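# Structural overview for review
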Amino acid sequence: MSGFRPVGIVGEVSRPTEVMVNALTPIPSGTYIYVKFKARDPQGLEEFEREVVGIIGSCLYKSLVPVVTAPTISMYGSTYGGTPPLSNLKIESYMTALIIADITGGQVEAPRYPPPPETPVYLAEHKHLSTIYGYKPTSDVEVGSLVGFDKLRVGINVNSLAKHLLITGTTGSGKSNLIAVLADRIARGGGSVVIFDVHGEYRSLESESPNDVDVKPYEAAINPIEMPVNSLVKFIIPEEQASRQRRLLRNALRELNDKIVQKAKSGRKSYELVVKELGSNMSLASDNCVDTYRELLKNYLKKDKAVEDVEVKIDDFFEWHNVDLNVRKVSELISSSRIIVVDVSKLTDDEKDYMLKVIAEDILWYLKMWGRGTNQPIPTLLVVEEAHIFLGERTASRSKEILQRFIREGRKFGGMLAIVSQRPRALDVNVVSQVQNYAFLKLVQRTDRSTVMELTDILSDEYANILPTLPPGHAILMGEWVGEYPAYVRVDRHSGKKVGTTPDITKIWRECKEKYRESVSKALEKKSMISEWEG
Ligand SMILES: Nc1ncnc2c1ncn2[C@@H]1O[C@H](COP(=O)(O)OP(=O)(O)O)[C@@H](O)[C@H]1O
Ligand SMILES: [Mg+2]
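Residues numbered from 1 in each chain as written. Chains lettered and ligands numbered in written order. Predicted model: local features only at pLDDT ≥ 70, side-chain atom pairs only at ≥ 80, totals over all residues.

Domain annotation of the protein identifies domain 1 (8–133), domain 2 (141–221 + 329–491), domain 3 (229–320) and domain 4 (500–530). Here the C-alpha centroids of domain 1 and domain 3 sit 70 Å apart. (Domains from an automatic or database assignment.)

Quick look at the structure:
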């Protein structure tokens, strides 16, 4: 510490966990500070030294004397850079700092003594912070470095993810990058991750360690034979008021599916084979058994004047959806060192919701085989992007109930849930309050910040004040997964996640323009050659 100048002093009000700091120049939000002071026992007999580490929350400038200068036109003159008169001490800045921990004598404990006013405040150094963040158990996965301390790598404890995870931040704040980093490094350690990929942005994810990690795309498909008939009817005929059409389709689906299932069971045949046989009996068979199924379904529609409309909707649905009579379950693909990317980007929100229900149910069922067979299930992290669609406060989604069960029961069976959302205010409090690990990235909206404070009850005002200022990739990690003390972290940039990153639009346009110019000039050249030749 010697040789370093203080950056400020403890101000008027000081508590064990929150102190005011006064300085000439503002200390920016998110800066780690160090304070060493003398504390006394309550009887005032004994004096002893304490050292604490904190982080600056809010900061502001304030003029010590009233600003009397009337603004004049010349102040708005042509040049920038009117420097405030720092030298004549008429301004001061005020900060609030959150004291993170007491690190006296290299022991980390909760702060209990307030530093006295006017104690010098220093910038924290590597050695102070490594006391808190330097400990690395073997179950840790590194996600980044402490902000301002590149060499202080921050790890998260993967075992703690049994208490699930909430990642929240505005669009572009770095949520998906954090997911890519987490998923990849968990898989590198032998873990299993399933990403419910709402935007199709992980499709082309390349692992940082391709020799150790297998990224497996899984195209979500609808199995019309196994899906509940009522749901399927709603997907094919979304219009609520088309009750007649829906009834027709529902009856046809019931009749056809019952027949297929029954024949498959009694003859121990696959659905595909049964459909093929049924199709050739009615001379409807084609090479593709989904097409055959579609024709069979249309054939099962009863005579009615709405039939034509229903047929059109069936055709539309089958054309635009990935339908498969023999869908492999996600759980069949779960494996150590593997990231399964479930691409649902082509589905409507309603269909995504259904898929999520199917997949979460399947994974939970798989995990619950724990201890029942010789093949032990592999603990799996399920990541749900855009979670507010499925876990909204007001919406009664199909997947919500199963996700709640996943949170409740998953813990016992190695099921971990990561909820990712840019709209925390839209999330169901009952669900999210059961999550106990957090990554907060940039959040601007006041309602979002107050919601996360409510949800988590460990995010204090001061941390919440830092959130609007966070650059992309900066996150405040809290909860058991980072240990007792929150960490302000610069998350590593994942090198293999290319889709979903913000495109350089003008660069793409420029390149397109170049190409267009080239093709035009080539065409012109050709034309002139032809006309020369013809001439
Ligand atoms: N840890 C990081 N380090 C550097 N840049 C980052 C980091 N995280 C995100 N970014 C930048 O921010 C952009 C958006 O990140 P992304 O993870 O897609 O945000 P979100 O999922 O929150 O919308 C990325 O394209 C990248 O340029
Ligand atoms: Mg994203």
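That shown, we press on.
Tracing the backbone through its elements, the reader meets G169 in the loop between β9 (165–168) and α2 (175–188). Here the alpha-carbon distance between G169 and R40, two residues 129 residues apart in the chain, equals 42 Å. Apart from residues no more than four positions distant in its own chain, G169 is found in contact with G174, K175, Q422, F440, L441, K442 and L443. (Helix = DSSP H or I, 4+ residues; strand = E, 2+ residues; numbered from the N terminus. Contact = placed C-beta atoms within 7 Å.)

Bringing the sheet that holds strand β16 (residues 474–479) into the picture now. If you trace the 11 strands from one edge of the open sheet to the other, you get β8-β7-β17-β16-β15-β9-β14-β13-β10-β12-β11, paired in mixed fashion. The two strands at the open ends of the sheet, each matched to only one other strand, are β8 (149–157) and β11 (214–219). For this sheet, the mean angle separating the axes of adjacent strands, direction not counted, is 30 degrees. Seen against the sheet, helix α9 (residues 349–367) touches β10 (192–197), β12 (338–343), β13 (380–384) and β14 (415–421) and runs at an angle of roughly 165 degrees to β13. (Pairing = 2+ DSSP bridges. Axes fitted to C-alpha atoms, helices over the stretch in contact; angles between N-to-C directions.)

Counting buried residues in β14 gives seven out of seven residues, a clear majority hidden from the surface. In β14, alternate side chains face the same way, and those of G415, L417, I419 and S421 on one face and M416, A418 and V420 on the other are all buried. Across five bridges, β13 lies against β14 in parallel orientation. Its bridge partner lying in β14, V384 is registered against I419. Crossover handedness for the path β13 to helix α10 (residues 398–413) to β14: right-handed. (Buried ≥ 20, exposed ≤ 12 C-beta atoms within 10 Å, placed from the backbone. Right-handed = clockwise from strand over helix to strand, strands pointing away.)

The next thing to look at is the nonpolar core. Of all hydrophobic cores here, the largest spans 116 residues; its most connected members are I195, V342, L382, V383 and V384. The biggest single contributor to this core is α9, with nine residues. Lining this core are residues from two domains, each supplying at least three of them: domain 1 (8–133) and domain 2 (141–221 + 329–491). Setting aside chain neighbours within four positions, we find I195 in contact with I179, A183, Y202, I339, V341, V342 and V383. If you look at the next biggest cluster of nonpolar residues, it comprises 23 residues, including L232, L296, F318 and L325. (Core = buried A, V, L, I, M, F, W, Y, C linked by C-beta atoms within 7 Å.)

Right, let's talk about the sheet that holds strand β4 (residues 47–63) for a bit. In any sheet, the strands associate via hydrogen bonds between backbone groups, in a parallel or an antiparallel arrangement. Taken in spatial order, the six strands close into a barrel running β1-β2-β5-β4-β3-β6, and their pairing is antiparallel. Direction aside, the axes of adjacent strands within the sheet are offset by 45 degrees on average. Together, β3 (32–40), β4 and β5 (91–102) form the strand contacts of helix α1 (residues 126–133), whose direction differs from that of β4 by roughly 105 degrees.

Where helix α4 (residues 243–267) meets helix α5 (residues 271–281), the closest approach of the two axes is 9 Å, and the angle between their N-to-C directions is 115 degrees. The two elements α4 and α5 meet at a crossing, and its hand is right-handed. Residues I260, K263 and A264 of α4 form the contact with α5, whose own contacting residues are Y271, V274 and V275. Class assignment of the residues belonging to the contact of α4 with α5 gives a composition of five nonpolar, no polar and one charged. (Left-handed = near helix turned anticlockwise from the far one by under 90°. Nonpolar A, V, L, I, M, F, W, Y, C, P; charged D, E, K, R; others polar.)

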